[in-house]
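Working through the structure, step by step
Residue-level listing of the chains:
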2 protein chains.
Amino acid sequence: MALDDRKRLILQAIVEDYINSAEPVGSRSISKKPELNLSAATIRNEMGDLEEMGLLAQPHTSAGRVPTTGGYRMYVDSLMERYEMTAAEIEKMRQATSMKKQELEKIVRDVAAAFSGITGLPVIGMLPASEAGIVKNIKVVKVDDYTAMLIVSDKSGIIKNRLLKLNQDISESFADELSKILNQNLAGLTISEINISNMMEIRSAIGHNFEILTSVIELVHEAVSEIDSKQIFVDGLSNILRFPEYSSVDKVKELFDVLENKENLSKLIVEANPTNCTKVLIGEEMPLDELKNNSLVIAPYRASERLIGLLGVIGPKRMDYSRIISGLEFFTAQLSGVLTKDFGTRQILLEMGKGDET
Amino acid sequence: MALDDRKRLILQAIVEDYINSAEPVGSRSISKKPELNLSAATIRNEMGDLEEMGLLAQPHTSAGRVPTTGGYRMYVDSLMERYEMTAAEIEKMRQATSMKKQELEKIVRDVAAAFSGITGLPVIGMLPASEAGIVKNIKVVKVDDYTAMLIVSDKSGIIKNRLLKLNQDISESFADELSKILNQNLAGLTISEINISNMMEIRSAIGHNFEILTSVIELVHEAVSEIDSKQIFVDGLSNILRFPEYSSVDKVKELFDVLENKENLSKLIVEANPTNCTKVLIGEEMPLDELKNNSLVIAPYRASERLIGLLGVIGPKRMDYSRIISGLEFFTAQLSGVLTKDFGTRQILLEMGKGDET
DNA sequence: ATTAGCACTCTTTCTCTTTGAGTGCTAACA
DNA sequence: TGTTAGCACTCAAAGAGAAAGAGTGCTAAT
């Protein structure tokens, strides 16, 4: 059976009706649409065909139709019109991303929170391990007795830091010297190339202060690996409570249990693998069985072309794909813009000129 | 009417039964307890008295009794026995607090998460603004083009940092010079004493590099105020889904709405004011009407006597006060211990000797 | 002072019925 | 031949009793 234009229009109308109402859609309500001047009986015939094609389903014999995963897929891939944001919405979103310059993690968290607020859906944010980041500069700074701070900056301008609590007190000049040594040996390597063996090489390259150096080097190594670790979080999870899909506490609990587990989240995102473009996973397409009643829209953001992280929206299968996709692409683009401007290489900064609104 | 020993025993039994079962407690189930060798009819008479005294209530005529807020208060203040943790529990808790040395905020978040996991209840953590913290050292370190890091350590050993994204590039020596100037002028002040006017004094005290200095000083001021800001968070909020008190999504939503609002949380904690000791707020004693069906147990933690923050457990009125209070006091004590050892002044570090397990 | 006994109350649970939305099919129509 | 009106049918959801069960308060006996 062919999916002719009329069937496409009917399917689109049903999906959109269901997205709005969360109620199975009957033939009568579709027949009322002026753009389809057809009787309910005709719609029923068409609906029967669409059901046979696997695009619609009935919860029970005497109910209206609900889109199947295939139905949503068809809608997302070829029926849905791209949502054009209004000027007011764009302004609102722009405000949400016009944040003060600050740490990468904080920016991403702020953006996720803003986006979650705007969409009314939970937002997943991920900052992957920056294994591929090439170390530009490593610094150890004394900040207090027994305490130093390790600061690592990479070529794409991302800066991470961590406190080192030492067993011995060190002098400022020792910290400077250490910084110099670390830099000489580690700059230019990727973070994943820094391992305990090249740290030990550094140690043995130096004669004096052997005892202190050993433990400091170990701490630095530990700190580097920790800095490098992947971060993943969910913001606005409680937004799902608004949906009739989650009117039972058991369903809420099930979703919360899955999404509060970092491993699950990580698996979800890795398998979605949206490294180049926005991806939409619907229902059973989700890598986790527990999420088969949900959908995920996920997109990458970058700093100067390098992949920095991912931002995703999770919600019921019945989410407003058109709006969510447009919004997400806007947000990741804005985020990439901010990151490229703030964290990007010198060249890119210069290209941008000095038009800086801070 | 006097609250004699028998009434006290009965009240205690009812409260504990209700804490376990979440069901109104009938006279029969109490009369079965061997320590109270009484018939159900006698218990009924006593229950009637306890109800008249405002310590118990009936959901409806033919239901068992439920403790009122007054009943819980009586239980917490003078009936409940202090829960003694088992060696296994202590070990489990100790493991949860034997964290690596790291940033204050991360330690507190980790402890809150661990405690939430152990109690199965949401845990509120707060790091108040460190207005009273006396600045020991301020440092500005160049980390990348257009980027510096501000690091502030205070007398009790707490270290905070923030990136500064500059409009101009600065040299390392400029950063060092700036650090020196900031230190000379600001060390010894409390953080709340650092305001825009003494920053401007610093600026005018220096002649050269005027233009750059102005914007850097402004950024530093901004960063200091931000560093100083209060932090507040809730961990394990979804734990409440386990309780029959939250079997309806509306109730869950109401609680989530309140607890996801930082201002509410802040109000809650400020009014609870547990600056010296553990406090228990029950039902209507809560400063927020929306929380009148919940209770809060909250306690401070310190580093070398100075108040650092608060840790609280929130849950249904029917929470196991005895266990929660013991657990919370254990955790805040552990936390204070870690903070005093890791972040405390030099003297305290020395007192502790070098028995350091890192 | 305590307790057994009993009538009474009120929620919870179950079953049965009704209602209503929606379908599929048939036959008539353009 | 595609479209539509009409109608019998299905099934979930809502409502109305009825029965069960837990628990009380009161009275009278111990």
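Refer to the preceding data block for the structure.
Quick summary incoming for the structure in this document. Every value quoted in this text rests on a predicted model; they were computed, and no experiment measured them. (Residues numbered from 1 in each chain as written. Chains lettered and ligands numbered in written order. Predicted model: local features only at pLDDT ≥ 70, side-chain atom pairs only at ≥ 80, totals over all residues. Heavy atoms only, no water.)

**Description of the relation of the copies chain B and chain A**
A rotation about an axis combined with a shift along that same axis relates the two copies of the chain. When chain B is brought onto chain A, the operation consists of a screw motion whose angular component is 180 degrees and whose axial shift is 0.0 Å, with 0.1 Å RMSD remaining. Here the transformation between the copies is reduced to the relation of a two-fold axis. Looking at the rotation axis and the C-alpha trace of chain B, the residue lying nearest is B:Val249, at 3.0 Å. In this assembly, 100% of the residues forming the interface of chain B have copies in chain A that are likewise at the interface, indicating an isologous arrangement. (Least-squares fit on C-alpha atoms with pLDDT ≥ 70 in both. Contact = heavy atoms within 4.5 Å.)

**Regarding the protein's contact with DNA strand D**
Residues in contact with DNA strand D amount to 20 residues; listed here are only the nearest, A:Arg6, A:Thr42, A:Thr61, A:Ser62 and B:Ser27. Of all DNA strand D atoms lying within 4 Å of any protein atom, the proportion belonging to sugar or phosphate reaches 77%. One of the side-chain nitrogen or oxygen atoms of A:Arg44 is found 3.3 Å away from a base oxygen of DNA strand D. One nitrogen or oxygen atom from the side chain of B:Arg44 is found 3.1 Å from a base nitrogen belonging to DNA strand D. Counting residues per element, the ones that place at least two in the surface near DNA strand D are helix 3 (40-52) of chain A together with helix 3 (40-52) of chain B. Here the surface near DNA strand D is built from residues that sort into 4 nonpolar, 12 polar and 4 charged. (Near = heavy atom within 4 Å. Polar contact = N/O pair within 3.5 Å; in protein donor to acceptor, adjacent residues only side chain to side chain. Helix = DSSP H or I, 4+ residues; strand = E, 2+ residues; numbered from the N terminus. Nonpolar A, V, L, I, M, F, W, Y, C, P; charged D, E, K, R; others polar.)

**Comments concerning the nonpolar core**
Ranked by size, the top nonpolar core spans 160 residues in total, and within it A:Tyr321 and B:Tyr321 carry the most contacts. Beyond its immediate stretch of four places on either side in the chain, B:Tyr321 contacts B:Ile19, B:Tyr72, B:Tyr75, B:Val76, B:Met80, B:Val280, B:Ile282, B:Ser295 and B:Val297. (Core = buried A, V, L, I, M, F, W, Y, C linked by side-chain atoms within 4.5 Å. Buried < 20%, exposed > 50% of the residue type's maximum accessible area, 1.4 Å probe, protein only.)

**Some thoughts on the interface of chain B and chain A**
In many reports, interface size means the accessible area that the parts give up when they come together. Listed per partner, the contact involves 47 residues of chain B and 48 residues of chain A. Carbon and sulfur atoms supply 57% of the area that chain B and chain A bury against each other, a total of about 4,100 Å² over both sides. By the criterion of area lost to chain A, the three top residues of chain B are B:Lys165, B:Leu241 and B:Val249, representing 15% of everything that side buries. Linking chain B to chain A there are 6 salt bridges. With a closest N to O distance of 2.7 Å, B:Asp144 and A:Lys136 form a salt bridge. Where chain B packs against chain A, one counts 10 residue pairs in polar contact (both at pLDDT 80 or more). For the side of chain B that touches chain A, the secondary-structure elements that each account for two or more residues are strand 4 (135-144), strand 5 (147-154), strand 6 (159-165), helix 9 (210-227), helix 10 (249-259), helix 12 (321-343) and helix 13 (346-351) of chain B. Top contributing element to the side of chain B that touches chain A by residue count: strand 4 of chain B, with 7 residues. Class assignment of the residues belonging to the side of chain B that touches chain A gives a composition of 15 nonpolar, 10 polar and 22 charged. (Buried area = accessible area lost by both parts, 1.4 Å probe. Salt bridge = Lys/Arg side-chain N within 4 Å of Asp/Glu carboxyl O.)

**Observations regarding the packing of aromatic side chains**
The description of an aromatic ring pair uses the distance of the two centres, along with the angle that the planes make with each other. Per the counting criterion, the structure on display carries 7 aromatic pairs over all chains. Centre to centre, the rings of A:Phe256 and B:Phe256 are 6.0 Å apart; their planes meet at 40 degrees, and the pair counts as tilted. Placement of the pair is A:Phe256 in helix 10 (residues 249-259) and B:Phe256 in helix 10, with the two residues belonging to separate chains. Here the aromatic cluster, defined as three or more aromatic residues joined through ring pairs, consists of A:Phe115, A:Phe330 and A:Phe331. One residue, A:Arg242, lies across the ring of A:Phe243, its end atom 5.0 Å from the ring centre. Here B:Arg109 stacks its cationic end above the ring of B:Phe233, 4.3 Å away from the centre of that ring. (Phe/Tyr/Trp six-rings, centres within 6.5 Å; stacked < 30°, edge-to-face > 60°. Lys NZ or Arg CZ within 6 Å of the ring centre and 35° of its normal.)

**Description of the sheet that holds strand 4 of chain B**
Residues and elements named next belong to chain B. With antiparallel pairing, 3 strands are arranged side by side in an open sheet as 4-5-6. With partners counted over all chains shown, the strands left at the sheet margins are strand 4 and strand 6, one partner each. Across the sheet, the mean angle separating the axes of adjacent strands is 20 degrees when strand polarity is ignored. When strand 4 meets strand 5, the two strands line up antiparallel, connected through 8 bridges. Across the sheet, Val 140 pairs through a bridge with Leu 150, a residue of strand 5. (Pairing = 2+ DSSP bridges. Axes fitted to C-alpha atoms, helices over the stretch in contact; angles between N-to-C directions.)

**Here's the deal with the side chain of B:Ser322**
All names here are of chain B. Examined against the element boundaries, Ser 322 turns out to sit in helix 12. A polar contact is formed between the side chain of Ser 322 and the backbone oxygen of Glu 81, at a distance of 2.7 Å. A polar side-chain atom of Ser 322 sits 2.9 Å from the main-chain amide nitrogen of Tyr 83. Setting aside its immediate chain neighbours within four residues, Ser 322 contacts Met 80, Glu 81, Arg 82 and Tyr 83.

**Things to note about unusual backbone geometry**
Backbone geometry places A:Tyr146, a non-glycine residue, at a positive phi of 65 degrees. The backbone phi angle of B:Ala22 is positive, close to 65 degrees, even though this residue is not glycine. Tracing the backbone through its elements, the reader meets B:Ala22 in the loop between helix 1 (5-21) and helix 2 (27-31).

**Quick look at the environment of A:Lys139**
For A:Lys139, the position within the fold is in strand 4 (residues 135-144). Between the alpha carbons of A:Lys139 and A:Pro67 there is a distance of 56 Å; along the sequence they are 72 residues apart. Side-chain polar atoms of A:Lys139 contact the backbone oxygen of B:Lys142, separated by 2.6 Å.

**Here's the deal with a negative patch on the surface**
A surface patch of like charges, here negative, comprises A:Asp176, A:Glu177, B:Asp176 and B:Glu177. Listing elements by their share of the negative patch, those giving two or more residues are helix 7 (172-186) of chain A together with helix 7 (172-186) of chain B. When you line up the elements, B:Asp176 lands in helix 7. (Patch = residues over 30% accessible without salt bridge, like charges linked within 9 Å, V, L, I, M, F, W, Y side chains within 5 Å. Areas by Shrake-Rupley, 256 points an atom, 1.4 Å probe, with all protein chains shown as cover. Lys, Arg positive; Asp, Glu negative; His and termini not counted. Charge placed at Lys NZ, Arg CZ, Asp CG, Glu CD.)

**A short note on helix 3 of chain B**
Residue and element names in this part refer to chain B. Relative to the 18 Å expected for 13 residues at 1.5 Å per residue, helix 3 spans 18 Å between its end C-alpha atoms, a close match to the ideal helical length. Residues of helix 3 that are buried: Ala 40, Ile 43, Glu 46, Met 47 and Leu 50. For helix 3, the angular spread of buried residues about the axis comes to 120 degrees, placing them on one side. Exposed side of helix 3, more than 90 degrees from the buried face: Asn 45 and Glu 52 are the residues found there. Summarising the contacts, the buried residues of helix 3 are in contact with helix 1, helix 2 and strand 1 (56-57). One or two residues past the end of helix 3 sits Gly 54, with phi positive at roughly 80 degrees. (Expected span 1.5 Å × (residues − 1). Arc of directions from axis to C-beta.)

**Focus: the protein's contact with DNA strand C**
Surveying the vicinity of DNA strand C reveals 20 residues, the closest of which are A:Ser27, B:Arg6, B:Thr42, B:Thr61 and B:Ser62. Between DNA strand C and A:Ser27, the relevant distance is 2.7 Å, taken from a phosphate oxygen to a side-chain nitrogen or oxygen of the residue. A distance of 3.0 Å separates a base oxygen of DNA strand C from a polar atom in the side chain of B:Ser62. If you list the elements that add at least two residues to the surface near DNA strand C, you get helix 3 of chain A together with helix 3 of chain B.

**Describing the pattern of salt bridges**
Residue and element names in this part refer to chain B. The tally for this structure, following the rule as stated, stands at 36 salt bridges over all chains. Asp 110 is the salt-bridge partner of Lys 106, the closest N and O atoms lying 3.7 Å from each other. Here Lys 106 and its partner Asp 110 are both found in helix 6 (residues 104-119), 4 residues apart, which amounts to about one turn of the helix.

**A look at the sheet that holds strand 8 (residues 279-282) of chain A**
Residue and element names in this part refer to chain A. An order of 7-3-10-9-8 is seen for the 5 strands of this open sheet, with the pairing classed as antiparallel. Lying at the two open borders of the sheet, with one neighbouring strand each, are strand 7 (231-235) and strand 8. For this sheet the average axis-to-axis angle between neighbouring strands, irrespective of direction, equals 20 degrees. As paired strands, strand 3 (residues 123-127) and strand 7 are joined by 5 bridges and run antiparallel to one another. Looking at strand 7, one finds that Gly 125 is bridged to Phe 233.

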